[in-house]
Number of protein chains: 2
Amino acid sequence: MSTLKGACIIGQSGGPTSVINASAYGAIITALEDENITNVYGACNGIRGVLDDNLIDLSQEDRDELALLKYTPSSALGSCRYKLKNPDVDDSDYKRILEVFKKHDVRYFFYNGGNDSMDTCNKISKYCLSHGYECRVMGIPKTIDNDLAGTDHCPGFPSAAKYIATSVMEVYCDARVYDTGMITIIEIMGRNAGWLAASSALAGYKGYGADLIYLPEVDFDLDSFVEKVVKLYNENGKVIVCVSEGIHDKDGKYISEYGSDLASQVDSFGHAQMGGLASYLAGVVKEKTGAKVRGIELSLLQRCAAHCASNTDIEESFTSGATAVKCAVAGETDKMVGFERSYDEAGNYVCKTKLFELSDVANAEKKVPLEWINETHDGLTKDFIDYCLPLVAGETGMVKEDGLPRFAKLKKVKV
Amino acid sequence: MSTLKGACIIGQSGGPTSVINASAYGAIITALEDENITNVYGACNGIRGVLDDNLIDLSQEDRDELALLKYTPSSALGSCRYKLKNPDVDDSDYKRILEVFKKHDVRYFFYNGGNDSMDTCNKISKYCLSHGYECRVMGIPKTIDNDLAGTDHCPGFPSAAKYIATSVMEVYCDARVYDTGMITIIEIMGRNAGWLAASSALAGYKGYGADLIYLPEVDFDLDSFVEKVVKLYNENGKVIVCVSEGIHDKDGKYISEYGSDLASQVDSFGHAQMGGLASYLAGVVKEKTGAKVRGIELSLLQRCAAHCASNTDIEESFTSGATAVKCAVAGETDKMVGFERSYDEAGNYVCKTKLFELSDVANAEKKVPLEWINETHDGLTKDFIDYCLPLVAGETGMVKEDGLPRFAKLKKVKV
């Protein structure tokens, strides 16, 4: 491949994670040290920053602050949820992107995100190719949902999984403290793929787990759920249930909508009473058992709890960003960096980077394999544990100041 | 004081914390090593374990497992919320307790809990005294609510404060990632005393805090709240609010009841729709602004997140348990161990134990001083930061196995 000199743009997109900045740092520091890359720009709020020519010069940042990105949650460059149109229908965004690329002699574009971001990446790559503008485009994966196709797993998922499993273990201890009955329902993110709720099975593997785990990969039957909870409650007095926010009935209707149907009725009283899936199911179960029931929604905490990040995830995220830059400089384009898993002779988990065609990844969605869900559809098999356990290993090196996180502070000097 | 030989009972009571087991470990290990204490018993589920003669022999436990109690959340011996009657009205429980004490020659009783537990402690102590049974009774403090009288602060509060401040900092990063508007309302425990919600001010001190913090120490005015949120939203597009669950209006009505009034109406549709304060306020604010609003309830996580415990808290909790035993053996009784704060010549925080009369502590309640709440009643002053910051210093030594917590596993051999 020929040598290509020019500037690069790094952007972040989609929902934040605990480690997306570790990926960005891997890309930024590698780009800053590469002689072929003349300038290292950050796009503010993802592709919107390119469209608005709203770029920052990352070479102006203090290197020590940049290093703290490894342990700083959320997207330091800002994110967006902007979806590019089909260029055959409306190519105005693409024309603008090409204009900005040309203005700054951008020859490398690194985009750090999930499914939608890989779609953005893919469209830009194809547009540049078809318009004869040489720009090497690489996707850097990120999603707590773990649903990107091809790659063994996605940066961001292991840290969320570690936080979820740890929290479920701690809630397990808490929920068993009294000699009175208690039912706890924990709502976990995951609209279509149940990887995150599945990760609560790690808590069970350690002996502090949920009695029932429900994923959106299989239909949820409310009556069967209630029956199981009542039986467990009568037997043990304690029940813990973990549910994906995306569980749905056999007609495809989200169970959370059962609750919001009620909520919309409440609107007529003058206030929007918002309540999630956990509180809806808690209400149903309370009615049937009379038990003390607590609904817990892990909410944003599960995707931003950098203080409980997996070091495996942090290092792999860094590597994915660094690899994207190295491979692009070496001539690759139109690819997403992903992971391939193997085991060494001692049986230890080994993770290697592997490149995937952007067009294969864009908009595809990887769900939890049905054979990893148990026969009664309320738990995970040992195969899932074996898959997930190595990912949560290792503790964050987060820097603390006064016992609290010291996050990266960027100057964000505008280009 | 005279030497007193005999068995001891250690019990835990009230809501669990991340470090109540560190206190228990301090008491257990000190008692096991003391020659005056002939047997070290644990009461299962607090005073109920005494009433039921349901005791375990803690000398049978593996010492390495006991040591893990320092990092194991919730009450390892089990807890209860049993309130002893006034002995002048009904002394049957006290007679039973004395019977069990005599049966096992119990001469030391250590009770690890909050306000109600100190009341229990106090009543038992007074009953033993008035019935000529020599038993030294010591209270070991515990409460995330930080509302015990006398002591500078309570074991359990610093770890909850650290978790809350850390989580608010992380949510702050997450909530600012998009260039679109967002209002986040975080509900924090604390029915009458606002110490926990106040601790979110540490996040603000670090630059990643809430715009508004509301405590139950002052009346909450819904209209003024909405006005402030709307103004901040229009100015900045982002608003974070932290509220104590116990905020109430000028008539003393809990704001959370505004929501449950609605919820009870929903009951007539056939389901109990449970929704907390955060979701109620989120609904109100959403209606006024049309903004994206997220209500987050930190729920049980704030009191059991041992993975984010303060090492200062862990060590002080251990010391409080150990001190209770040492002082009792030395002749003290009828006291609660508490803390007194000072600063060394370099200005560093120093914490010393101090004994308080149980009768002064029982049922008293310490609230956040009004002079630490700002003039507009929506934030804390620097005095509060100075008080709270040293408490959250230091990281837990929690043992991990496969990247997940390794909690103490007790055999719990019955006496």
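Further up the page is the structure itself.
Residues numbered from 1 in each chain as written. Chains lettered and ligands numbered in written order. Predicted model: local features only at pLDDT ≥ 70, side-chain atom pairs only at ≥ 80, totals over all residues. Heavy atoms only, no water.

Draft legend 1. Quick peek at the overall build of chain A. Counting its regular elements, chain A contains 15 helices and 13 strands. The C-alpha atoms of chain A give a radius of gyration of 23 Å, which matches the 22 Å a tight globule of 415 residues would have. Over its C-alpha atoms, taken along the principal directions, chain A stretches across nearly 70 × 55 × 45 Å. Taken across its 415 residues, chain A has 64% of its residues classed as buried. Counted over contacts in chain A with a minimum sequence separation of 6, partners at least 24 positions apart contribute 78%. On chain A, roughly 14,500 Å² of surface is accessible, and the fraction owed to carbon and sulfur atoms is 46%. Measuring between centres, the 44 positive side-chain charges of chain A sit 3 Å from its 60 negative side-chain charges. (Helix = DSSP H or I, 4+ residues; strand = E, 2+ residues; numbered from the N terminus. Rg over C-alpha atoms; globule rule 2.2 N^0.38 Å. Buried < 20%, exposed > 50% of the residue type's maximum accessible area, 1.4 Å probe, protein only. Contact = heavy atoms within 4.5 Å. Areas by Shrake-Rupley, 256 points an atom, 1.4 Å probe, with all protein chains shown as cover. Lys, Arg positive; Asp, Glu negative; His and termini not counted. Charge placed at Lys NZ, Arg CZ, Asp CG, Glu CD.)

Draft legend 2. The arrangement of the layout of surface pockets in detail. All names here are of chain B. Space inside the second largest pocket adds up to approximately 680 Å³. As for the second largest pocket, its lining consists of 28 residues, of which Gly15, Arg81, Lys142, Thr143 and Asp145 are closest to the centre. If one sorts the elements of the lining of the second largest pocket by residue count, helix 5 (residues 115-130) sits on top with four residues. When the residues that make up the lining of the second largest pocket are grouped by side-chain class, the tally is six nonpolar, 11 polar and 11 charged. (1 Å grid on protein atoms, 1.4 Å probe; cavity = no way out; pocket = protein on both sides within 12 Å on 5 of 7 lines; lining within 4 Å. Points joined across faces, edges and corners; volume = space filled by probe spheres on them. Nonpolar A, V, L, I, M, F, W, Y, C, P; charged D, E, K, R; others polar.)

Draft legend 3. Spotlight on the pattern of salt bridges. Residues and elements named next belong to chain B. Considering all chains together, one arrives at 53 salt bridges over all chains under this definition. Note that arginine 107 and aspartate 105 form a salt bridge whose closest N and O atoms lie 3.1 Å from each other. Taking the relative accessible area as the measure of exposure, aspartate 105 reaches 34% and is therefore partly exposed. With its nearest N and O atoms 3.7 Å apart, the salt bridge here joins lysine 335 to glutamate 357. Taken together, the residues span a long stretch of sequence, with lysine 335 in strand 10 (residues 335-343) and glutamate 357 in strand 11 (residues 349-357) at a distance of 22 residues. (Salt bridge = Lys/Arg side-chain N within 4 Å of Asp/Glu carboxyl O.)

Draft legend 4. How the structure looks around the sheet that holds strand 4 (residues 106-113) of chain B. All names here are of chain B. The strand order 3-2-1-4-5-10-11 describes an open sheet built from seven strands, whose pairing is mixed. In this open sheet, the two strands that pair with only one neighbour each are strand 3 (55-57) and strand 11. Taking each pair of neighbouring strands and ignoring which way they run, the sheet shows an average axis angle of 30°. The pairing of strand 10 with strand 11 spans nine bridges and is antiparallel. By the bridge assignment for strand 11, tyrosine 343 is matched with tyrosine 349. Contacts between helix 1 (residues 20-32) and the sheet are confined to strand 1 (6-12), strand 2 (37-43), strand 4 and strand 5 (136-141), with strand 1 contributing the most and set at about 175° to the helix. (Pairing = 2+ DSSP bridges. Axes fitted to C-alpha atoms, helices over the stretch in contact; angles between N-to-C directions.)

Draft legend 5. Focus on the environment of Lys253(B). Residues and elements named next belong to chain B. Relative to the helices and strands, lysine 253 resides in the loop between strand 8 (238-244) and helix 10 (255-267). Among the residues examined, lysine 253 registers a relative accessible area of 30% and is labelled partly exposed. Taking the C-alpha atoms as reference points, lysine 253 and aspartate 219, separated by 34 residues in sequence, lie 9.5 Å from one another.

Draft legend 6. Quick peek at the relation of the copies chain A and chain B. After a rotation of 180° and a shift along the axis of 0.0 Å, chain A superposes on chain B with an RMSD of 0.0 Å. Taken together, these values place the two copies in the relation of a two-fold axis. Taken as a fraction of all interface residues of chain A, those also at the interface in chain B reach 100%, which identifies the copy contact as same-surface. (Least-squares fit on C-alpha atoms with pLDDT ≥ 70 in both.)

Draft legend 7. Representation of the interface of chain A and chain B. With 78 residues of chain A at the contact, the number on the chain B side is 78 residues. When the shortest N-O distance is used, the salt bridge between Asp174(B) and Arg303(A) registers 2.7 Å. Top element by residues in the side of chain A that touches chain B is helix 6 (residues 157-175) of chain A. It accounts for 10 residues. Classifying every residue of the side of chain A that touches chain B by side-chain character gives 40 nonpolar, 21 polar and 17 charged.

Draft legend 8. Examining the packing of helix 9 (residues 222-236) of chain B against helix 11 (residues 277-289) of chain B more closely. Residues and elements named next belong to chain B. In the contact formed by helix 9 and helix 11, the axes pass within 10 Å of each other and the chain directions differ by 55°. Relative to helix 11, helix 9 is oriented oblique. The two elements helix 9 and helix 11 meet at a crossing, and its hand is right-handed. Here Leu222, Phe225, Val226, Val229, Val230 and Tyr233 of helix 9 come into contact with helix 11, specifically with Tyr280, Leu281, Val284, Val285, Lys288 and Thr289. The class makeup of the residues in the contact of helix 9 with helix 11 is 10 nonpolar, one polar and one charged. (Parallel < 35°, antiparallel > 145°, perpendicular 65-115°, else oblique. Left-handed = near helix turned anticlockwise from the far one by under 90°.)

Draft legend 9. Representation of the pairing of strand 10 of chain B within the structure. All names here are of chain B. Examined bridge by bridge, strand 5 and strand 10 share two bridges and lie parallel to one another. Directly across from methionine 138, in strand 10, lies its bridge partner lysine 335. Counting the residues in the hairpin turn of strand 10 and strand 11 gives five residues, including glycine 347, whose phi is positive at 85°.

Draft legend 10. The sheet that holds strand 7 (residues 212-214) of chain A, seen in detail. Residue and element names in this part refer to chain A. Spatially, 7-8-6-9 is the arrangement adopted by the four strands of the open sheet, whose pairing is parallel. Two strands lie at the open edges of the sheet, namely strand 7 and strand 9 (293-297), each paired on one side alone. On average, each strand axis in the sheet is inclined to that of its neighbour by 15°, with strand direction left out of account. As paired strands, strand 7 and strand 8 (residues 238-244) are joined by three bridges and run parallel to one another.

Draft legend 11. Layout of the packing of aromatic side chains. This structure, assessed with the given rule, holds 37 aromatic pairs over all chains. Relative to Phe225(A), the ring of Phe220(A) has its centre 5.3 Å away and its plane inclined at 45°; by these criteria the two rings are tilted. Each member of the pair, Phe220(A) together with Phe225(A), is buried. Taking the centre distance of 6.2 Å and the plane angle of 85° together, the rings of Trp195(B) and Trp372(B) count as edge-to-face. Remark: Trp372(B) occurs in the loop between helix 14 (358-361) and helix 15 (382-388) and Trp195(B) occurs in helix 7 (residues 195-199); sequence separation between them is 177 residues. (Phe/Tyr/Trp six-rings, centres within 6.5 Å; stacked < 30°, edge-to-face > 60°.)

Draft legend 12. Broad picture of helix 11 (residues 277-289) of chain A. All names here are of chain A. Here helix 11 contains 13 residues, and its C-alpha end-to-end distance of 18 Å stays within 8% of the 18 Å for a straight helix at 1.5 Å per residue. The set of residues buried in helix 11 consists of Leu277, Ala278, Ser279, Tyr280, Leu281, Ala282, Gly283, Val284 and Val285. Glycine 290 sits one or two residues past helix 11 and shows a positive phi near 70°. (Expected span 1.5 Å × (residues − 1).)

Any link to function would need more than the numbers given here.
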